[in-house]
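Here's the letter readout for the chains.
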Amino acid sequence: MLEQDFGYKMDIVMCIDATGSMHPIIEDIRANAREIYGKLLSELEEANATLSEFRIKLILFRDYRIDSEPMVETKFFNLDGEVEEFYSFIDNIMIGGGGDFPENGLEALSLAINSDWNTERGRKRQVIILWTDATAHPLGMDRMIEFYPENMPKSLEELEESWNKMDRRAKRLILFAPGDYPWLNVAEWDQTFFTEIRPGEGCGETDIDECIKMILYTWHA
């Protein structure tokens, strides 16, 4: 049971490339999503830190030009009471589609940045973890598609402006992506941790322990 009155309030948004190239590691993705809650609690307990609230949501992204379901965004699940609902969702993630590179990873990142974060006063963390083995379409290229999201940034610079408006003490971006445009540019953003992924090979060489390490490295900042 989480502490009710003290400690950090943590929100995590996992942005997951759900295209066909990620198929070999879907079970790893499911395991990572399941394990992050318990591992964070265990590590924080060892560090004599506590959480008063832990929420997590998922954004699955593909390609607006090809896929009938290019973007799936869940609500925030409060894992102190909605863990089974969260597990049910991750157990039913379907990997496929996307066609050739690139994909709409920047749109997913924009949706994550504009999540309904906990804005209550007090100590908090607002963490985005993005996994992709693909490059990304430039923002705005697909805006003529009927179901493309409204109010999407029109450039990478505009997206960075949105990131810069978030609370610097709270925000963290953990990025697993190819060492190519636009991800090398995003890797230079404030409070961002970047691990390079080989294009087209999935993200099998990464796991949730690396994410936990990056989150906890700056826990007291």
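Explain the packing of aromatic side chains to me, using residue names and the numbers behind them.
Per the stated rule, a full pass over the model turns up seven aromatic pairs. Ring geometry for Y64 against Y148: centres 5.2 Å apart, planes inclined by 65 degrees, an arrangement best described as edge-to-face. You can see Y64 sitting in the loop between β2 (51-61) and β3 (71-73) and its partner Y148 sitting in the loop between β5 (124-131) and α4 (156-164), a full 84 residues away along the chain. For the pair shown, Y64 and Y148 are each scored as buried. Through pairs of rings, three or more aromatic residues link up here, namely Y64, F147 and Y148. The ring centre of F76 lies 4.1 Å from the NZ or CZ of R55, which sits over that ring. Lying over the aromatic face of F76, K57 brings its terminal NZ or CZ to 5.4 Å of the ring centre.

Please provide a residue-by-residue account of the nonpolar core, values included.
By size, the foremost hydrophobic cluster in this structure holds 37 residues, and its most contacted members are I12, M14, F54, I56, F86 and I129. Looking at this core element by element, the count peaks at six residues for helix α1 (residues 26-46). F76, L130, Y148 and L175 belong to the second largest nonpolar core, which has 30 residues in total.

Could you give me a rundown of the pattern of salt bridges, with the residues and numbers involved?
The tally for this structure, following the rule as stated, stands at seven salt bridges. The shortest N-O distance in the salt bridge between R55 and D11 comes to 2.8 Å. With a gap of 44 residues between them, R55 in strand β2 and D11 in strand β1 (residues 8-17) connect regions that are remote in the sequence. D11 shares its class with R55; the two are buried. Note that E82 and K75 form a salt bridge whose closest N and O atoms lie 2.9 Å from each other. Classification of K75 by relative accessible area gives partly exposed; the value is 40%.

Conventions used here
- Residues numbered from 1 in each chain as written.
- Predicted model: local features only at pLDDT ≥ 70, side-chain atom pairs only at ≥ 80, totals over all residues.
- Heavy atoms only, no water.
- Phe/Tyr/Trp six-rings, centres within 6.5 Å; stacked < 30°, edge-to-face > 60°.
- Helix = DSSP H or I, 4+ residues; strand = E, 2+ residues; numbered from the N terminus.
- Buried < 20%, exposed > 50% of the residue type's maximum accessible area, 1.4 Å probe, protein only.
- Lys NZ or Arg CZ within 6 Å of the ring centre and 35° of its normal.
- Core = buried A, V, L, I, M, F, W, Y, C linked by side-chain atoms within 4.5 Å.
- Salt bridge = Lys/Arg side-chain N within 4 Å of Asp/Glu carboxyl O.

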